[in-house]
Amino acid sequence: MSGASRKALLALSTAVCLFFSFQLLFFHALHQPYFVDEMLVTQSSFNFFTHGNYTFSFWRLDNRWFAPGVSVGIASSWASYFGWILGRSLLWARMASVLYCFALFMVAAVLAARRLGIRDKWMAVAFGSLAWLALFRLVPYSFESALYSLGELSGGIILAIGFMLLEKHPRAGSVLLGICVWHTKMIYLPFALVGMFALYPARGLRGVGRCLLWFMLPQAAWLVMVWIMTGWKGLGFWISYRLFFIHKRGNAGLDRVPEVSGFFERLARLEWSGYIPGRKYRLLLLVVLPQLLLLWLVIKEYLAVGRRLAGSMIFKAGMLACMAVFSAWYFFWHPFMWIRHIEPALLAGFGVIAWYFASVVLRLRGFFKKAVYGGVLALALSFALAAGLLTKTPEEMVFLGAAYPRQDYSRSCRHEQPWKTGPRDTLACDTVTMVECKGHDDECAPESWQ
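Colleague: How should the overall build of the chain be read in this particular structure?
Modeller: Along the backbone of the chain there are 18 helices and 0 strands. Within the chain, the proportion of its 450 residues that are buried is 50%. Pairs at least 24 residues apart make up 74% of the contacts formed inside the chain by residues separated by at least 6 positions. Just so you have it, the chain exposes about 21,800 Å², and 69% of that area is on carbon and sulfur atoms.

Structure, rendered in structure tokens:
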């Protein structure tokens with residue numbers, strides 16, 4: 001197979017994967033109804049860039065300053081602000097968030113390809129685009145996380161980039177892990193700690209300690225900002241309410257006991273009961289298969305190196321432990337079984353599967369001749385085409401050119417002067433989100449904040 005033919009085939013594979021993934025995302029950007037957290041996060045981003053205050057409400061005393069009750073950080077929500085400003089509608093805010101996640105994902109894919117030994121940039125981009133399509137077809141709630149700027153997806157990708165930089169660039173990697181935890185989703189804290197402590201065999205406790213200091217830098221910068229804006233009293237309130245939110249208001253169930261005996265009753269009454277079978281199967285696949293794979297790899301490496309402690313073994317064992325704890329928490333502990341709260345473990349499971357699938361394919365490539373390798377690429381392209389078509393719902397197939405969704409949710413949330421008001425304060429979005437403002441019209445206006 002000639003080099004030109006190979007590049008053309010890779011380019012075509014990339015185009016097919018990107019078409020089906022973005023077509024899916026654009027359909028749901030129009031079709032998905034408003035989500036209250038989406039409004040709060042986008043409004044907080046709007047207020048941060050407009051007024052220097054990361055909050056969704058100027059009159060609520062418990063969240064008036066840097067809203068400690070907003071669990072999604074600015075590193076995930078900033079793109080939705082610029083989408084809202086440039087496009088004047090929630091549709092643009094959603095698509096800006098998607099493009100931001102895509103850019104992060106391709107950076108992670110290129111770094112992963114290099115670590116796997118893929119030097120061909122065409123192959124790296126094709127690998128990334130195929131993984132991008134597979135992400136939204138395999139991982140439940142992944143496209144909602146991208147559209148709504150919720151933080152799980154963008155945070156998970158930043159976490160992955162930080163992991164891949166830690167070994168050679170520990171400072172940059174640690175800062176990225178800090179940005180992930182403190183400015184996307186704090187739920188990634190256990191995974192980030194695993195990555196830093198995996199450096200112990202190579203760098204010792206001092207090296208890990210320095211990484212932890214760099215890891216805390218993004219949070220320290222945020223606390224300084226809160227202190228400048230609110231003073232010591234405001235900073236103390238922010239920290240105390242943040243801790244209270246994590247423990248109680250975040251609906252994590254940390255103040256509960258596990259319901260082991262009532263397991264099947266939980267499945268029948270909580271969010272799990274409303275999932276279609278396909279979502280249940282995918283969730284179980286991403287929970288069980290990666291953990292079995294990591295367990296096998298840890299045992300294999302332990303038998304190979306004996307009692308010598310290796311960083312890779314610490315990392316795999318730590319990831320396995322995190323995913324196991326998340327799984328137990330979701331199935332036995334969580335008061336609502338919200339899929340969003342197990343999303344970090346599902347994304348980590350997807351990363352494990354994608355990484356080792358690519359590793360196996362690269363190992364097998366050495367057994368193929370170039371002609372056979374071209375046939376394998378052609379087969380992969382055919383598979384991507386079939387997967388893109390066959391895994392769509394009837395509504396998504398209609399959108400391939402025939403019609404738009406009946407209810408155009410995101411375009412109805414629009415403002416001709418978006419720089420003056422955010423989506424939450426735009427009455428056209430949804431009157432439900434304005435329930436707090438009834439009787440407080442003056443206090444709800446951004447201009448009233450001083």
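Colleague: Would you mind showing me how to read the packing of aromatic side chains here?
Modeller: Any pair of aromatic rings gets described here by the distance separating the centres and the angle formed by the planes. Per the stated rule, a full pass over the model turns up 33 aromatic pairs. On the numbers, 5.3 Å between centres and 70 degrees between planes, the contact of Phe19 with Phe20 is edge-to-face. When its relative accessible area of 6% is taken as the criterion, Phe20 is described as buried. On the basis of an interplanar angle of 85 degrees and a centroid distance of 4.7 Å, the ring pair of Trp132 and Phe136 is categorised as edge-to-face. Of this pair, Trp132 and Phe136 both sit in helix H5 (residues 121-138), 4 residues apart, roughly one helical turn. An identical accessibility class is assigned to Trp132 and Phe136; each is buried. Each residue in the set Phe46, Phe48, Phe49, Tyr54, Phe66, Trp78, Tyr81, Phe82, Tyr100 and Trp222 is aromatic and connected to the rest through ring pairs, giving one cluster.

Colleague: Any chance you could explain a positive patch on the surface here in plain terms?
Modeller: Side chains of Arg171, Arg203, Arg206 and Arg210 sit close together on the surface and give a patch of like positive charge. Considering the arrangement of structural elements, one finds Arg203 in helix H10 (residues 200-249). Exposure remark for Arg203: the relative accessible area of 38% places this residue in the partly exposed category.

Colleague: Even after reading the chapter, I still don't get helix H2 (residues 36-51), so can you show me in this structure?
Modeller: Every α-helix carries 3.6 residues per turn, so stepping three or four residues along brings you back to the same face. Under the 1.5 Å per step criterion, the end-to-end length of H2 is 22 Å for 16 residues, consistent within 8% with the ideal 22 Å. Among the residues of H2, Glu38, Met39, Leu40, Val41, Thr42, Gln43, Ser44, Ser45, Phe46, Asn47 and Phe48 are the ones counted as buried. Downstream of H2 by one or two residues, Gly52 has phi in the positive range, about 75 degrees.

Colleague: What am I meant to see in the packing of helix H8 (residues 170-183) against helix H9 (residues 189-197) here?
Modeller: Helices that pack against each other are described as a pair by the angle of their axes relative to one another and the distance between those axes. Taken N-terminus to C-terminus, the directions of H8 and H9 make an angle of 170 degrees; their axes are 9 Å apart at the nearest point. Considering the angle they form, H8 stands roughly antiparallel to H9. Contact residues: H8 offers Ser174, Leu177 and Val181, while H9 offers Leu189, Ala192 and Met196. In terms of residue class, the contact of H8 with H9 is built from 5 nonpolar, 1 polar and no charged.

Conventions we followed
- Within any chain, residue numbers begin from 1 and follow the written order of that chain's sequence.
- With the structure being a predicted model, the display of local features is reserved for residues of pLDDT at least 70 and the display and counting of side-chain atom pairs for 80 or more, all residues being used for whole-chain, interface and lining totals.
- Values reported for side chains reflect all heavy atoms of the structure, with hydrogen atoms and water molecules removed beforehand.
- Helix and strand definitions follow DSSP, with helices as H or I runs of at least four residues and strands as E runs of at least two, each counted in order from the N terminus.
- Only protein chains enter the accessibility calculation, which uses a 1.4 Å probe; a residue is then buried when its area is under 20% of its type maximum, exposed when over 50%, and partly exposed in between.
- It only takes one pair of heavy atoms within 4.5 Å for two residues to be counted as in contact.
- Each accessible area is a Shrake-Rupley estimate made with a 1.4 Å probe; only the visible protein chains count as cover when residues are assessed.
- When two rings of Phe, Tyr or Trp (its six-membered ring) have centres within 6.5 Å they constitute a pair, described as stacked for plane angles under 30 degrees, edge-to-face for angles over 60, and tilted for the intermediate range.
- Patch members must show over 30% relative accessible area and no salt bridge, and they are joined within 9 Å when carrying like charges or within 5 Å when they are nonpolar side chains of Val, Leu, Ile, Met, Phe, Trp or Tyr.
- When a carboxyl oxygen of Asp or Glu lies within 4 Å of a side-chain nitrogen of Lys or Arg, that pair is called a salt bridge.
- Neither His nor the chain ends contribute to the count of charged residues, in which Lys and Arg are positive and Asp and Glu negative.
- For the purpose of locating charges, the reference atoms are NZ of Lys, CZ of Arg, CG of Asp and CD of Glu.
- To estimate the expected span of a helix, subtract one from its residue number and multiply by 1.5 Å.
- Working convention: axes come from line fits to C-alpha atoms, limited for helices to the stretch in contact. Angles between N-to-C directions cover 0 to 180 degrees.
- Angles below 35 degrees are treated as roughly parallel, those above 145 as roughly antiparallel, those between 65 and 115 as roughly perpendicular, and all remaining angles as oblique.
- Only Asp, Glu, Lys and Arg are considered charged in this grouping, and only Ala, Val, Leu, Ile, Met, Phe, Trp, Tyr, Cys and Pro are considered nonpolar; every other residue, Gly among them, is considered polar.

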